[in-house]
Amino acid sequence: MKAGFFQFNPVFGNIEANTEHVVNRLHDEKFDLMVLPELFNTGYQFITHDEVAGLSEDIPGGFTTSALAGLSRSKSCYIVAGLAEKAPGKYFNSAVITGPDGFIGSYRKTHLFFEEKLWFSPGDTGFHVWDTDIGKIGVMICFDWFFPESARVLGLMGAEVIAHPSNLVMPHCPNGMPLRCLENSVYAITANRTGAENRHQDNRGFNYIGASQITGTGGEILYRASEEEEEIKVIGIDPSTARNKDLNRFNNIFRDRRPRLYNQLTKRFS
Ligand code: ACM
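I will try to describe carefully the structure that is included in this document. (Residues numbered from 1 in each chain as written. Predicted model: local features only at pLDDT ≥ 70, side-chain atom pairs only at ≥ 80, totals over all residues. Heavy atoms only, no water.)

1. Quick word on empty space enclosed by the protein
Using a probe with the size of a water molecule, rolled over the atoms, empty space left in the structure can be pinpointed.
Thinking step 1. Across all of its chains, the model carries two cavities of 30 Å³ or more by this definition.
Thinking step 2. Along the wall of the largest cavity there are 13 residues; nearest its centre are Cys142, Phe143, Leu168, Val169 and Met170.
Thinking step 3. Taken together, the residues that form the lining of the largest cavity break down as nine nonpolar, two polar and two charged.
Thinking step 4. Roughly 70 Å³ of internal volume is contained in the second largest cavity.
Thinking step 5. In this structure, the second largest cavity is lined by Tyr44, Gln45, Phe46, Phe114, Glu115, Glu116, Trp119, Phe120 and Phe206.
Thinking step 6. For the lining of the second largest cavity, the residue count by class is six nonpolar, one polar and two charged. (1 Å grid on protein atoms, 1.4 Å probe; cavity = no way out; pocket = protein on both sides within 12 Å on 5 of 7 lines; lining within 4 Å. Points joined across faces, edges and corners; volume = space filled by probe spheres on them. Nonpolar A, V, L, I, M, F, W, Y, C, P; charged D, E, K, R; others polar.)

2. Some points on the layout of surface pockets
Thinking step 1. In this structure, the largest pocket spans a volume of roughly 710 Å³.
Thinking step 2. Broken down by secondary-structure element, the contributors of at least two residues to the lining of the largest pocket are α5 (148-156) and α6 (173-184).
Thinking step 3. The greatest single-element share of the lining of the largest pocket, amounting to six residues, is contributed by α5.
Thinking step 4. By residue class, the composition of the lining of the largest pocket is nine nonpolar, six polar and six charged. (Helix = DSSP H or I, 4+ residues; strand = E, 2+ residues; numbered from the N terminus.)

3. What about the sheet that holds strand β5 (residues 102-108)?
Thinking step 1. Strand order in the open sheet formed by six strands is β5-β4-β3-β2-β1-β14, and the pairing between neighbours is mixed. The sheet is open, and its two edges are formed by β5 and β14 (231-236), each paired on a single side. Taken pair by pair, the neighbouring strands of this sheet meet at an average axis angle of 30°, ignoring direction.
Thinking step 2. Sheet analysis places strand β2 (residues 33-35) next to strand β3 (residues 78-87), joined by three bridges and oriented parallel. Paired with Met34 across the bridge in β3 is Ile79.
Thinking step 3. Lying on the sheet, helix α1 (residues 15-26) is in contact with β1 (2-7), β2 and β14; it crosses β1 at an angle near 140°.
Thinking step 4. Of the strands in this sheet, β3, β4 (90-99) and β5 are in contact with helix α3 (residues 63-75), which crosses β4 at around 10°. (Pairing = 2+ DSSP bridges. Axes fitted to C-alpha atoms, helices over the stretch in contact; angles between N-to-C directions. Contact = heavy atoms within 4.5 Å.)

4. Notes on the packing of α1 against α3
Thinking step 1. Direction vectors running N to C along α1 and α3 enclose 10°, while the axes themselves pass 10 Å from each other. As judged from the angle between their axes, α1 and α3 are roughly parallel. Contact residues: Ile15, Glu16, Thr19, Val23 and Leu26 in α1; Phe63, Thr64, Ala67, Leu71 and Lys75 in α3.
Thinking step 2. A breakdown of the residues in the contact of α1 with α3 according to their chemical character gives six nonpolar, two polar and two charged. (Parallel < 35°, antiparallel > 145°, perpendicular 65-115°, else oblique.)

Structure (C-alpha cells):
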C-alpha cells in the first residue's frame, strides 16, 4: 500500500480555496491512501457559533465530501479527511473516508479538545474500521490519540492502518504514537497541519506543530515531516504486518489481554 499524508496550512473559513488546494496538489501524486488534517477545509479556531453553522457541511451531500469523493473516483484511491459536519440540531468534528467508488463512511470525533467543546457535540458514531481492497482502515481524530482506548478499540476491531487527521497544538503526539502502534501492532498515519491561528487577535491563538508522521507496527517512526513546511509524503507499507499480534513465542498482545480484570475501563470516572 502506498500511503501518506498531506501537511499544509489551511486558510481559515475558505472551504473552496482549501479544497481546491488539496485537489490541485494531489492531482499528480501516486498513492493508495492519503490522510488530510483535521478540519482541513475550514481551519480550526472557530470563535462564534455562526461560523460553525456557516462552515459545517452535510456528510455525504456537502461540497467538500463530494469533491473528495470525486478525487478518489478519478484517482482510484482512498482519502481520509477531517471536516465540520452539520447534523440535525448539532455539529460534529468529523472525518470522512472516500474510495474508488466515492463516499464510504464517516466518523465523529469521540474526545473533544479544549474549545471544541463550545462548538461541537461529542462524537456518537463510535470507532469504525473499513475493510477496503487495500487494507483495513480505522479512523481517529487528533486528541483521540491521548486516550489509549481509541487505538486499542480500533486495533481490536481489526484496523491495520489508523488514519489520524490532526490539528496538534501540544507537543506529545509524535513521540506518543510509537507506543499506540507498538501496543496494538498497527500502522498510523498522523496528518497534522502547520501554521498558526490567532483569531481573537490576543494571546489565545494556536501554533500547530506540523511533524506529521507515519508510524510502523513495531513503533518505528517511518517518516516525520518538518514542523513548518507544507509537504506531501507517501511511503510503501505492508498492512499484512499488522495482522501478526505475536510479540514472541509466548505472548500475543491481544490474546494475552485480561478484560475481566479491566472492569474500570467501562465505568464512568467521577
Ligand atoms: C486536537 O484535538 N485538535 C488537539
